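# Analysis of the macromolecular model
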Amino acid sequence: MAALRSSFPDYSSAFLPSPAPFSALSFSRPVSLSFPFTSSSGVPLFSFPSPHAARQAALGFIPGIRPSAVVNDGVFASTAVGNSLAEELPIEKRFPSFPTVLDINQIRDILPHRFPFLLVDRVVEYSPGVSAVGIKNVTINDNFFPGHFPQRPIMPGVLMVEAMAQVGGIVMLQPEVGGSRENFFFAGVDKVRFRKPVIAGDTLVMRMNLVKLQRRFGIAKMEGKAYVGGELVCEGEFMMSLGGDSGVKV
């Protein structure tokens, strides 16, 4: 199966020349800006320290900078304006949706899980046998919220880990990798840390990367991180058993 890829552009090297004073800039979360660069004409430039910070600018979180200023796949043109983007474009039109590489029907073709335990709604980046990024839309209608907790709906940490493992399953359940949905098991987890609570209304974005594959023993080691709004909420190391004739059934 050919590798499928779809992701936001990498803005890690994006530069934004702007005559606007630094004090006029604000971000949705603190970021550090540096000013070591100048343009060919000598105009001072400043750089974004991370792809997330640049994407915040691209989506209009910095007052005075239009997303339409993005040119050449991540290089920003000089467009300082007096008013924030919020005054020009309604908020319901401002934010693009996540791309769809695998929709829920395609996910159901790969994973054996079904309601109420299928915890991946969409895959937004996919390289079979290498990595995947999946999302889980956390809603108040999820069946675990009435008991966890009635007065403060928080997604259980064990279900975040399960959702991440399912994204890992999407990575590994491919013919070229040797995975089989009849003999694929979540074999272990280590170094799990929960950084922030995930609540109803959040979108959980989970990245799983294959670190090591021992075909002889049918064991795969993966690293996973989950985010909400660009903030890390959960991370850990995962072990999967591929089963099959040469694998270890757990």
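Residues numbered from 1 in each chain as written. Predicted model: local features only at pLDDT ≥ 70, side-chain atom pairs only at ≥ 80, totals over all residues. Heavy atoms only, no water.

### Notes on the packing of aromatic side chains
Applied cut-off: Stacked, tilted and edge-to-face pairs are distinguished by plane angle, under 30 degrees for stacked and over 60 for edge-to-face with tilted covering the rest, among Phe, Tyr and Trp rings (Trp via its six-membered ring) whose centres lie within 6.5 Å. Helix and strand assignments come from DSSP, with helices taken as H or I runs of at least 4 residues and strands as E runs of at least 2, each series counted from the N terminus.
With the rule as written, the count across this model stands at two aromatic pairs. A ring pair is formed by F144 and F145, whose centres lie 4.6 Å apart and whose planes are at 65 degrees; its orientation type is edge-to-face. Here F186 and F238 contribute two aromatic rings whose centre-to-centre distance is 5.8 Å and whose plane-to-plane angle is 25 degrees, an arrangement assigned as stacked. With F186 in strand β8 (residues 185-194) and F238 in strand β11 (residues 231-241), this residue pair connects regions lying 52 residues apart in the sequence.

### Focus: the nonpolar core
Here is the rule we go by: Remark: nonpolar core denotes a set of buried residues (Ala, Val, Leu, Ile, Met, Phe, Trp, Tyr, Cys) joined through side-chain atoms within 4.5 Å. A 1.4 Å probe rolled over the protein chains alone gives each residue an accessible area, and that area as a share of the maximum for its type sets the label: buried under 20%, exposed over 50%, partly exposed in between. The contact criterion used throughout is that any non-hydrogen atoms of two residues lie within 4.5 Å.
Core analysis: the largest hydrophobic core is formed by 40 residues, its most contacted members being I170 and L204. Secondary structure elements with two or more residues in this core: α2 (104-110), β6 (122-127), α3 (157-172), β9 (203-214), β10 (219-228) and β11. Here the element with the most residues in this core is α3; it accounts for 10 residues. Among residues more than four places away in sequence, those in contact with I170 are L102, I107, I110, L111, V120, V123 and Y126.

### Some points on the side chain of D202
Using the following cut-off: In summary, the charge assignment counts Lys and Arg as positive and Asp and Glu as negative, without counting His or the chain termini. Think of a salt bridge as a Lys or Arg side-chain nitrogen and an Asp or Glu carboxyl oxygen that are within 4 Å of each other. We call two N or O atoms a polar contact when they sit within 3.5 Å, provided that within protein one can donate a hydrogen and the other can accept it, with sequence-adjacent residues counted only if both atoms are side-chain atoms.
Topologically, D202 is positioned in the loop between β8 and β9. Put simply, D202 is tucked away with no salt bridge, and the nearest opposite charge, on R152, sits 9.9 Å away. Looking at D202, its side chain comes within polar contact range of the main-chain nitrogen of I199, at 2.9 Å. Contact partners of D202, with chain neighbours within four places excluded, come to K136, N137, V138, P197 and V228.

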